[in-house]
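Given next are the chains, with one letter for each unit.
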Amino acid sequence: MSLLAPRSHLLNGLNAEAYRRCIAEGADRVATQLATTEHPFTGISPQRLAPAIDRVDLDRPLHDPSAALDELEETYLRDAVYFHHPRYLAHLNCPVVIPAVLGEAVLSAVNSSLDTWDQSAGATLIERRLIDWTAERIGLGPAADGIFTSGGTQSNLQALLLAREESKDAGELGKLRVFASECSHFSVQKSAKLLGLSPDSVVSVPCDNTKRMRTAALARELERCVREGFTPMAVVATAGTTDFGSIDPLPEIAELTERYDTWLHVDAAYGCGLLVSHKNRHLLDGLERADSVTVDYHKSFFQPVSSSAILVRDRATLRHATYHADYLNPRRTVEERIPNQVDKSLQTTRRFDALKLWMTLRVMGADGIGELFDEVCALASDGWRMLALDPRFDVVVEPQLSTLVFRYIPADVTEPTHIDRANLYARKALFASGDAIVAGTKAGGRHYLKFTLLNPETTIADIAAVLDLIADHAEQYLGDTLVRAS
Ligand SMILES: *Cc1c(COP(=O)(O)O)cnc(C)c1O
């Protein structure tokens, strides 16, 4: 069949050979790119890249996968941001493991949809096994269950939906209060808004100087909440804050949620990697007392985006996401014990993302993942020691996981806004150079830089080299502005 015939592009038994060639060529282009990429980024600006994409005439197809891949090198592959590069140190993006990428290729080709058994068969059972496996690692007990989601944001939303519906005052939205630390993820506030809670429903609980929730402050806020006639709907503890990797004191928080008979949600989007760690699993002690837990395998399990889940202690609570449609999952399928995952999910059509984790566990095993995560946590400790000894830098906290928040402190500049600007400039200049990518955040109202270390290939020498680059860029900025000022 000619490549001009639309049917030649359908993935089916007739075109199996074309599929095999096409995927092999795609993998080959990516492999070549990975093998030759010297920097995490080319530093290209949106203005310079846009014309290459605008030029593409979407109404004139190339009729040839090789030609489309050639074009893709110009529009995407050459200038992409590469997370596998040891000097990509910015956000919570991990390099991915090959078994998971293999799973990704299989799941998109077979294209199961996990809403119902009659669209997925074994895929549904595989997802269920992984949910049980994760719940068991957490220690949630015999009634636990859960569902794969698109990410931590969706998991947090679903957890707070369940918490709202389980609250004794679910009918009085204005009365409900959610408690989360000042370092918690912004999806908690977004969820509160989506759930119709009042604009001041999320009570921000202060952190101590290690960026963990102050439980004494939480106790005071809970007491005040009840005294003022409001209802504590949920406490969100974070096991691995996005900026600092700090883990809230879970056992103490669990004492309080039990005392106030309140839902405990633990956002372990980042810290979940400790579930498979031999060295640091104890940092999650208390997690087993949660009513719900968010895990992002696409952060600390080296999985491609998306791969996430929400786990719950009591599977009955998932009924708050259950609706029946005659065409899809009629009520009788429950009596017939047909496993329809849509009954537990906020999504309907849903990817078989679980396959990536399944292939990872079957090929390399949980210990392998834990070992990789332990390595990046150890690297962060070494990096912290290096920063703490370096008079050029101020580092905020000793990491429990794998981030470092720090800033360059010039020897002869005391004006805080100048220091802020020098650090902002250094980050931008580094990004534009493509030599390394670091993130930025704020601490104590001032601008800081952040390394998120998720690549076991990154070495302490990489960290030292990037710190020198940051110092050079910051000094360049200060030198230039001083010249201009004089
Ligand atoms: C990343 C993150 C989230 C959001 O997860 P997504 O997968 O990006 O939606 C939620 N909570 C914490 C603590 C995170 O680090």
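The protein goes by Pyridoxal phosphate-dependent decarboxylase family protein in an unreviewed UniProt entry, where it is assigned to Streptomyces monticola. Word for word, the UniProt comment on the protein under Sequence similarities (unreviewed entry) is "Belongs to the group II decarboxylase family." UniProt's Cofactor (unreviewed entry) comment on the protein is quoted here verbatim: "pyridoxal 5'-phosphate".

(A) The arrangement of the sheet that holds strand 9 (residues 393-395) in detail. The strand order across the open sheet formed by five strands is 1-11-12-10-9, and the pairing between neighbours is mixed. On the outer flanks of this sheet lie strand 1 (88-89) and strand 9, each paired with one strand and no other. Sheet topology note: the strand 1/strand 11 (residues 437-443) ladder contains two bridges and is parallel. Bridging from a neighbouring strand, Tyr-88 pairs with Ile-437 of strand 11.

(B) Layout of the sheet that holds strand 4 (residues 202-205). Ordered in space as 2-8-7-6-5-3-4, the seven strands form an open sheet in which the pairing is mixed. In this open sheet, the two strands that pair with only one neighbour each are strand 2 (145-149) and strand 4. Strand after strand, the sheet turns through a mean of 20° between neighbouring axes, direction not considered. Bridging between strand 7 (residues 292-296) and strand 8 (residues 308-312) involves five bridges; their strand directions are antiparallel. For Val-293, the partnering residue across the bridge sits in strand 8 and is Leu-311. Along the sheet, helix 9 (residues 250-259) makes contact with strand 5 (231-238) and strand 6 (263-268), crossing strand 6 at roughly 155°.

(C) Inspection of the domain arrangement of the protein at higher detail. What the domain assignment reports for the protein is domain 1 (6-82) and domain 2 (102-364). For domain 1 and domain 2, the distance between their C-alpha centres works out to 36 Å.

(D) Focus on the packing of aromatic side chains. Counted by the stated rule, this structure contains eight aromatic pairs. Their ring planes at 25° and their centres at 5.4 Å tell us that Phe-148 and Tyr-297 sit as a pair that is stacked. Remark: Tyr-297 occurs in helix 10 (residues 297-300) and Phe-148 occurs in strand 2; sequence separation between them is 149 residues. As far as the burial class goes, Phe-148 and Tyr-297 line up, both buried.

(E) The arrangement of the site of the ligand in detail. The immediate surroundings of the ligand are formed by 14 residues, with Gly-152, Thr-153, Asp-267, Asp-296 and Lys-299 found nearest. Contacts to the ligand include Thr-153, whose side-chain N or O atom sits 2.6 Å from an oxygen atom. Within the side chain of Asp-296, one N or O atom sits 2.7 Å away from an oxygen atom of the ligand. In isolation the ligand has 380 Å² of accessible area, and contact with the protein removes 85% of it. Going through the elements one at a time, helix 6 (152-166) and helix 10 are the ones with two or more residues in the shell around the ligand. At three residues, helix 6 tops the list of elements feeding residues into the shell around the ligand. Each residue belonging to the shell around the ligand can be placed in one class, and the counts come to two nonpolar, nine polar and three charged.

About the cut-offs
Residues numbered from 1 in each chain as written. Predicted model: local features only at pLDDT ≥ 70, side-chain atom pairs only at ≥ 80, totals over all residues. Heavy atoms only, no water. UniProt positions renumbered as here; feature names shortened; annotations may be inferred. Pairing = 2+ DSSP bridges. Helix = DSSP H or I, 4+ residues; strand = E, 2+ residues; numbered from the N terminus. Axes fitted to C-alpha atoms, helices over the stretch in contact; angles between N-to-C directions. Contact = heavy atoms within 4.5 Å. Domains from an automatic or database assignment. Phe/Tyr/Trp six-rings, centres within 6.5 Å; stacked < 30°, edge-to-face > 60°. Buried < 20%, exposed > 50% of the residue type's maximum accessible area, 1.4 Å probe, protein only. Near = heavy atom within 4 Å. Polar contact = N/O pair within 3.5 Å; in protein donor to acceptor, adjacent residues only side chain to side chain. Areas by Shrake-Rupley, 256 points an atom, 1.4 Å probe, with all protein chains shown as cover. Nonpolar A, V, L, I, M, F, W, Y, C, P; charged D, E, K, R; others polar.

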